[in-house]
Amino acid sequence: MLRGPRSLLWLLLLLLLLPPPGTWGDGGRSRPREGAEEAGSAGSWPAFQGLRERLRAAGSLCSRYWALFSCRVWPGGCRQDEEAPTRPQGWSLPLLGQQYLDILTTWYCSFQDCCDNGDCRIINNFTGLEADLRVRLHGQHLARQLVLTAARGYLELPRPDKALALSFHGWSGTGKNFVARMLAENLYRDGLGSDCVKVFIATLHFPHRKYVDLYQEQLAGQIRKTQEHCHQTLFILDEAEKLHPGLLEALRPHLERQAPENLRAKSPRTIFLFLSNLGGNIINEVVLNLLKAGWSREEIGMEHLEPQLQAGIVEATDSGFGHSCLVKENLIDFFIPFLPLEYRHVRLCARDAFLSQELLYTEEALDEIAKMMVYVPKEEQLFSSQGCKSVSQRINYFLP
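Reading the values: rules and limits
Residues numbered from 1 in each chain as written. Predicted model: local features only at pLDDT ≥ 70, side-chain atom pairs only at ≥ 80, totals over all residues. Heavy atoms only, no water. Helix = DSSP H or I, 4+ residues; strand = E, 2+ residues; numbered from the N terminus. Buried < 20%, exposed > 50% of the residue type's maximum accessible area, 1.4 Å probe, protein only. Contact = heavy atoms within 4.5 Å. Areas by Shrake-Rupley, 256 points an atom, 1.4 Å probe, with all protein chains shown as cover. Core = buried A, V, L, I, M, F, W, Y, C linked by side-chain atoms within 4.5 Å. Salt bridge = Lys/Arg side-chain N within 4 Å of Asp/Glu carboxyl O. Expected span 1.5 Å × (residues − 1). Disulfide = S-S within 2.5 Å. Pairing = 2+ DSSP bridges. Axes fitted to C-alpha atoms, helices over the stretch in contact; angles between N-to-C directions. Phe/Tyr/Trp six-rings, centres within 6.5 Å; stacked < 30°, edge-to-face > 60°.

A.B. asks: Explanation requested: the overall build of the protein in the structure shown.
C.D. replies: Across its full length, the protein carries 17 helices and 7 strands. Looking at the protein as a whole, 42% of its 400 residues qualify as buried. For the protein, long-range pairs separated by at least 24 residues make up 78% of all intrachain contacts whose partners lie at least 6 apart in sequence. Total accessible area on the protein stands at roughly 22,200 Å², and carbon and sulfur atoms take up 54% of it.

Printed below as a string of structure tokens:
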């Protein structure tokens, strides 16, 4: 299994060690020094000896590079106590090969998953996540802070004793799916396309109540299979308020806290995201009342929203989510509110839509797009009823 990459590594280094192409063959032979003609054929033996020494040096260096490369790609099989192959005299690893080692590792991991310990599918770019949440997410200061803090804190734990469960709540178009995608893009090399990320949409993947038993087996099997394949996984459950109670019950074993004696030496890390419109009306009502009372949007904290949001989720009669074991047994770590978006936020979304397609825009165009949205309540006309949903499609009206 390792012969292919190892052979390529040898070939790469041998090419680096051979003389420059201009010195090969008769046509490229370098001009002999004065007096060298007298040596005649006697010069062929030193040349052969030089080539043999060069190949011996290449072999020794290749062995060293292979050891380093193996340790980077498969850390579990690396024995740090082994004596490193002797470095050929005159060769400096930092000067000659660190860049080549980086290039080769990146190339190999671009198509080959580097499990079980060093997994190149996982990047955990918290700096990128912080920047995306700050620059690309508009009007959601609470979600920005909570998502970053919760994800980074959890993934930096040496041995987490449970999965991290975040429940996103708010009206459609406020950024719940957007943030879920940001998490995937910054935690995994392939984003939502990673085989360590699974997305389930209630009405698409579990549409028929009569097949709940089958869905339970499929969901549990998919979670187990993904966790076996990846030591860090992300599961996104969209339209969570429409999940059958039986499916929520099937998630209990994956969200419960594990006893210390049951933890493996390297515990898998799992994040569950539940995306729901449930509680959106309560969030909007609280925000509206605070704004009317003279509060600024950025002054609104979790203490103003969390009690009412959780109470509203539990009391909801049109969804079983609030009555599930996940809520009743406090298996959800954070209920994260997504606030309703205002006119100024819609303008920013329109600007981002233009920029994402590398299109020019005018301030007038941004205003026109923002005005196309429907705003509520009827009297205040304050919140976009669709958030930023469909904004990217509306820029087509302003293209030449």
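A.B. asks: Mind showing me how you'd approach the nonpolar core here?
C.D. replies: By size, the foremost hydrophobic cluster in this structure holds 73 residues, and its most contacted members are Leu251, Leu273 and Phe274. With 9 residues, the top contributor of residues to this core is helix α6 (residues 141-155). Ranked by size, the runner-up nonpolar core spans 15 residues in total, among them Cys349, Ala350, Ala365 and Ile395.

A.B. asks: Quick question: what am I supposed to make of the pattern of salt bridges here?
C.D. replies: For the structure on display, the rule yields 16 salt bridges. When the shortest N-O distance is used, the salt bridge between Glu249 and Arg252 registers 2.6 Å. Among the salt bridges present, the one from Arg297 reaches Glu342, with a minimum N-O distance of 2.9 Å. Here Arg297, found in the loop between α12 (280-292) and α13 (302-315), pairs with Glu342, found in the loop between β5 (334-337) and α15 (343-356); they are 45 residues apart in sequence, far enough to count as distant.

A.B. asks: What should I look at first to understand helix α7 (residues 176-187) in this one?
C.D. replies: Residue pairs spaced three or four apart in an α-helix point in one direction, given the helix's 3.6 residues per turn. Taking 1.5 Å as the rise per residue, α7 with 12 residues should run 16 Å; its terminal C-alpha atoms sit 17 Å apart, in good agreement. By the burial criterion, the buried members of α7 are Lys176, Val179, Ala180, Met182, Leu183, Ala184, Asn186 and Leu187.

A.B. asks: What should I look at first to understand α12 in this one?
C.D. replies: Given a rise of 1.5 Å per residue, 13 residues ought to cover 18 Å, and the 18 Å separating the end C-alpha atoms of α12 matches this to within 8%. Three or more residues of α12 are buried, namely Gly280, Ile283, Asn284, Val286, Val287, Leu288 and Leu290. Where α12 is buried, its residues meet β1 (164-169), α13, β5 and β7 (383-384). A positive phi of about 100° marks Gly294, the residue just after α12.

A.B. asks: What is the right way to look at the state of the cysteines in this model?
C.D. replies: Formally, a disulfide is one covalent bond, and it connects the sulfur atom of one cysteine to the sulfur atom of another. One pass over the structure, following the stated rule, counts 2 disulfides. Paired through a disulfide, Cys196 and Cys230 show a sulfur-sulfur distance of 2.2 Å. As the torsion about the S-S bond is roughly -80°, the Cys196-Cys230 disulfide counts as left-handed. Of the two residues, Cys196 is situated in the loop between α7 and β2 (197-201) and Cys230 in the loop between α9 (212-229) and β3 (232-238); the sequence distance between them amounts to 34 residues. By the burial criterion, Cys196 is buried, and Cys230 matches it. Through a disulfide, Cys349 is tied to Cys388; the S-S separation comes to 2.0 Å. Between Cys349 and Cys388 the sulfur-sulfur dihedral comes to about 85°; the bridge is accordingly right-handed. Taken together, the residues span a long stretch of sequence, with Cys349 in helix α15 and Cys388 in the loop between β7 and α17 (391-394) at a distance of 39 residues. The two residues Cys349 and Cys388 agree in class, both being buried.

A.B. asks: Help me understand the sheet that holds β3, please; the structure alone is not making it clear to me.
C.D. replies: Pairing is parallel in the open sheet, where 5 strands are placed in the order β2-β3-β4-β1-β5. Single-partner strands in this sheet number two, and they are β2 and β5. Shown here is a sheet whose adjacent strand axes are inclined to one another by a mean of 15°, direction ignored. Pairing analysis gives 6 bridges linking β3 to strand β4 (residues 269-276), with the strands arranged parallel. If you follow Leu237 over to β4, its bridge partner there is Phe274. Those strands touched by α13 are β1 and β5, and its axis lies near 110° from that of β5.

A.B. asks: Would you mind showing me how to read the side chain of Asp132 here?
C.D. replies: By secondary structure assignment, the location of Asp132 is in helix α5 (residues 126-135). Not counting the four nearest positions on each side in its chain, Asp132 is found in contact with Leu137, Met182 and Asn186.

A.B. asks: Hey, could you run me through the pairing of β4 in this one?
C.D. replies: The buried count for β4 comes to 8 of 8 residues, which makes it a mostly enclosed element. Across the two faces of β4 the burial is the same, with Arg269, Ile271, Leu273 and Leu275 and Thr270, Phe272, Phe274 and Ser276 all buried. With 6 bridges joining them, β1 and β4 adopt parallel strand pairing. Looking across to β4, one finds that Leu166 is bridged to Leu273.

A.B. asks: Would you mind going over the packing of aromatic side chains with me for this structure?
C.D. replies: The relation between two aromatic rings is expressed through the spacing of the ring centres and the mutual angle of the planes. One pass over the structure, following the stated rule, counts 9 aromatic pairs. In this structure an aromatic cluster arises from ring pairing among Phe200, Phe206, Tyr211 and Tyr215.

A.B. asks: Would you explain the environment of Phe383 in this entry?
C.D. replies: In this structure, Phe383 sits in strand β7. Through-space distance from the C-alpha of Phe383 to that of Val346 is 9.7 Å; in sequence the pair is 37 residues apart. Non-local contacts of Phe383, meaning those with residues more than four positions away in its chain, are made with Asn284, Val287, Leu288, Leu291, Pro340, Leu341, Glu342, Val374, Tyr375, Val376 and Pro377.

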